[in-house]
Amino acid sequence: MPKHSHFLETDYFLLLQVFLTEYAGPLFVYFLFYFRMPFFYGLAKAFTSSPHSVVHLACCCHSFHYIKRLIETIFVHRFSHGTMPLKSIVKNCFYYWGFAAWLAYYINHPLYTPPSYGKKQISLSMIMFLICETGNFSIHIALSNLKIDGSRSRRYPFPTRNPFTWLFFFVSCPNYTYEVGSWISFTVMTQCVPVGLFTLIGFIQMTIWAKEKHHRYIREFKDYPRIRMSIIPFLL
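These numbers come from a predicted model, not from an experiment.

*Asks:* Is there a simple way to explain the overall build of the protein chain in this structure?
*Replies:* Within the protein chain, the regular secondary structure consists of 7 helices and 0 strands. Helices and strands appear in the protein chain in the N-to-C order α-α-α-α-α-α-α. Within the protein chain, residue pairs in contact and separated by at least 24 positions form 78% of the contacts whose partners lie at least 6 positions apart.

Below you can see the structure in the form of structure tokens.
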């Protein structure tokens, strides 16, 4: 193997480890609060279980989201050289791990109260969460397939037969659209302020990334669909 190829392969696996660390961390951190370890809520509440079903549902949704990310990192995503500087691992881990701890602390707190509109609010937001997670996964599959279809010429992403990819008709980065939708749904489900703040900050950052990619597509492809927006159809 040529020397430069060895370096690229090494960088790839380092990058893979970075993403695995980012996404495995929130899983571990959240469970510490979910199982109410003694050093968070005191000995009286240690290892007790919440009486509210939404707390357990929130744990399932949060775990599902990051397990999906881990699976995508290993089996779906195809990282290019220089996708993300390795020095960003500290900042990103602080962001993901820190917010996971903050929102988990409040959702699993013994004094936590369920959403105002009860089961209807929880059920509707749960449905939207699953739809957005499925859509996000579908977009990642479509983007991955675009890179391995054997074509040498670069192409911009496009809708496939999968209805979840039809959002490509209207936005350049529907993966971010679905991602924001998932966290909005999770916010409504838990009715928790820290989750809302996490969603807002994530939306701002993903909008920046989406705009950069959108303008890159426009510069690179003269026939790029003008109806497409960056992240929100017809608006942004």
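*Asks:* Explanation requested: the pattern of salt bridges in the structure shown.
*Replies:* Once their charged atoms are close, side chains differing in charge can pair, the charge on each being opposite to the other. All told, the structure shown has 2 salt bridges when counted by the stated rule. Residue Glu-72 pairs with Lys-68 through a salt bridge whose shortest N-O separation is 3.0 Å. Taken together, the residues span about one helical turn, with Glu-72 and Lys-68 both in helix α3 (residues 53–75) at a distance of 4 residues. You can call Glu-72 buried: its relative accessible area is 1%. In this structure, the salt-bridge partner of Arg-69 is Glu-179, at a minimum N-O distance of 2.3 Å. On the criterion of sequence distance, the pair formed by Arg-69 in helix α3 and Glu-179 in helix α6 (residues 174–190) is long-range, its members being 110 residues apart. Taken individually, Arg-69 and Glu-179 each receive the classification buried, so the pair is uniform in this respect.

Reading guide: rules and limits
Residues numbered from 1 in each chain as written. Predicted model: local features only at pLDDT ≥ 70, side-chain atom pairs only at ≥ 80, totals over all residues. Heavy atoms only, no water. Helix = DSSP H or I, 4+ residues; strand = E, 2+ residues; numbered from the N terminus. Contact = heavy atoms within 4.5 Å. Salt bridge = Lys/Arg side-chain N within 4 Å of Asp/Glu carboxyl O. Buried < 20%, exposed > 50% of the residue type's maximum accessible area, 1.4 Å probe, protein only.

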